[in-house]
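Breakdown of the fold
Here are the chains, one letter per residue:
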Amino acid sequence: MNYYSLNKKAPKVSFKEAVIKGLAPDKGLYFPEKITPLSSDFISNIENYSNEEIAFEVIKQFVGDDIPQTALQEIINETLCFDFPIEKVEENVYSLELFHGPTMAFKDVGARFMARCLGYFNRKSNEQNVTVLVATSGDTGGAVASGFLGVEGVRVVILYPSGKVSDIQERQLTTLGQNITALEVNGVFDDCQEMVKAAFLDDSLKGENLTSANSINVARWLPQMFYFFFAYKQLKKHQKEIIFSVPSGNFGNICAGIMANKLGLPVKHFVAATNVNDTVPKYLESGNYQAKPSIQTISNAMDVGNPSNFIRIQHLMNNDFEHLKSLFSSYSFTDEETKSTMMEIYESSKYIADPHGAVGYLGLKKQLKENLNNTLGVFLETAHPVKFLDIVETTLDIKIDIPEQIKSVMNKKKTSIPIGNYQDLKNYLSNR
């Protein structure tokens, strides 16, 4: 399988090269040269396959010959070491819980898959060390830190916006040590993301062998397709059409869902639910894409003003605006609406949604104004409520039990390096 840059001014590369490079030399995101739909027989009988078997069938064409099938199966088995349950919230509305992994966020799958792919590529002692450079608005940092912890030949440098991630999120990315370093940026997530992109394109840093673990990296992005197949497997017995509502920041998760649909997964519609960082909802209203500075909210993992993966979604829709709108909608909601919805969900069903899940629920309900008799709505619960402990407990007036995954980092000492601009990042990378 080869990958090409969406800017179409860089050479095609293999899966291995795309993973290691992260971003193409022409600043474009890598995209698979070919997408071959899965067999209709596989989709029709999906309930007879294990999650590991489903994931293997879904991803193998995108990996190609760069990883042997036996090694790829082992990577998948190690990646999918937790459950992805569907929980009924109300009639015809379900939550797909993606927070049962090591850091209790949906990004555990992509981070673990990518870490193991890089570990495989670096398995020979004479391979050059790789530096994974990643920006986070919240959960990516913790998932990447956990997924790559102790991986031989891989160093991880995480940029996060100071004061704009939750306390637990910050502890998950600043307390592990070993091969993980956290850089605390005086700015917002978009500043972190721009610094990472600038480093990739800085010729003077080529000797650092940089790659990204954000969802711009194909090994982080593509495994997120698994979620949608797992949900369909659990809901297929209802014989109803499915709408997915995805809390969206950098739009990698929902883009993976659309890729799943391209592979043949039956999906009626996708909803990208956002907070007040409404670049994409405004684009769907006007047809004019206008990136903007990000705004801090209680659903901080979605505080992205210029989502990187939206260009991939447009490409999947052949850059046809009307075609995009036929399959894809996007709505934005305020913090006040989010808190109100968290309370409504809890009062009606005792289900505890985190702020991101509540935004997903809001997007789903807005899309489903018509009769639900022949449709199931699924919103993605992308992080455990404990990750946003103060907001959830204050909003719902409850106490949340602290899971073991979180207890393990609560009393560890935070270690981070403050930086203010790209030159600070460059100096750190050059002088380590």
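So, a few notes on the structure that sits alongside this text. Here the structure is a predicted model, which means the values were calculated and not measured.

Calculation criteria
Residues numbered from 1 in each chain as written. Predicted model: local features only at pLDDT ≥ 70, side-chain atom pairs only at ≥ 80, totals over all residues. Heavy atoms only, no water. Pairing = 2+ DSSP bridges. Helix = DSSP H or I, 4+ residues; strand = E, 2+ residues; numbered from the N terminus. Axes fitted to C-alpha atoms, helices over the stretch in contact; angles between N-to-C directions. Buried < 20%, exposed > 50% of the residue type's maximum accessible area, 1.4 Å probe, protein only. Phe/Tyr/Trp six-rings, centres within 6.5 Å; stacked < 30°, edge-to-face > 60°. Expected span 1.5 Å × (residues − 1). Contact = heavy atoms within 4.5 Å. Polar contact = N/O pair within 3.5 Å; in protein donor to acceptor, adjacent residues only side chain to side chain.

As for the sheet that holds strand 3 (residues 30-32)
Taken in spatial order, the three strands of this open sheet run 2-1-3, and their pairing is antiparallel. Because the sheet does not close on itself, it has two edges, and the strands there are strand 2 (13-14) and strand 3. Pairing analysis gives three bridges linking strand 1 (residues 2-5) to strand 3, with the strands arranged antiparallel. Bridge pairing in strand 3 places Tyr3 opposite Pro32.

Examining the sheet that holds strand 7 (residues 154-161)
Ordered in space as 9-6-7-8-14, the five strands form an open sheet in which the pairing is parallel. The sheet is open, and its two borders are formed by strand 9 (210-212) and strand 14 (417-419), each paired with just one other strand. The average angle at which neighbouring strand axes cross in this sheet is 30 degrees, direction not considered. Of the pairings in the sheet, the one linking strand 6 (residues 130-135) to strand 9 comprises three bridges and is parallel in character. Opposite Val132, over in strand 9, you have Thr211 as the bridge partner.

Here we look at the environment of Val151
With respect to the helices and strands, Val151 occurs in the loop between helix 6 (139-148) and strand 7. A residue is classified by how much of its surface remains accessible, and Val151, at 17% relative accessible area, is buried. Separated by 29 residues in the primary sequence, Val151 and Asn122 place their C-alpha atoms 9.4 Å from one another.

Quick notes on the packing of aromatic side chains
Within this structure, the stated rule accounts for 21 aromatic pairs. Between the aromatic rings of Phe251 and Phe310, the centroid separation amounts to 6.0 Å while the plane-to-plane angle is 80 degrees, which identifies the pairing as edge-to-face. Of this pair, Phe251 sits in the loop between strand 10 (241-247) and helix 11 (252-262) while Phe310 sits in helix 13 (residues 310-316), placing them 59 residues apart in sequence. Accessibility classification places Phe251 together with Phe310 in one group, the buried group.

Points about helix 15 (residues 335-349)
A rise of 1.5 Å per residue sets the reference length of helix 15, with its 15 residues, at 21 Å; its end C-alpha atoms lie 21 Å apart and thus fit the reference within 8%. Tucked inside the fold, the buried residues of helix 15 contact strand 4 (86-90), helix 16 (355-367) and helix 17 (389-396). Backbone geometry just after helix 15 places Lys350 at a positive phi near 65 degrees.

Description of the side chain of Lys387
With respect to the helices, strands and loops of the structure, Lys387 is situated in the loop between strand 13 (375-381) and helix 17. A polar contact of 3.1 Å, which involves the side chain of Lys387, links it to the side chain of Gln172. If we skip the residues at most four places from it in the chain, Lys387 touches Thr103, Met104, Ala105, Asp139, Ser166, Ile168, Gln169, Gln172 and Ile406.

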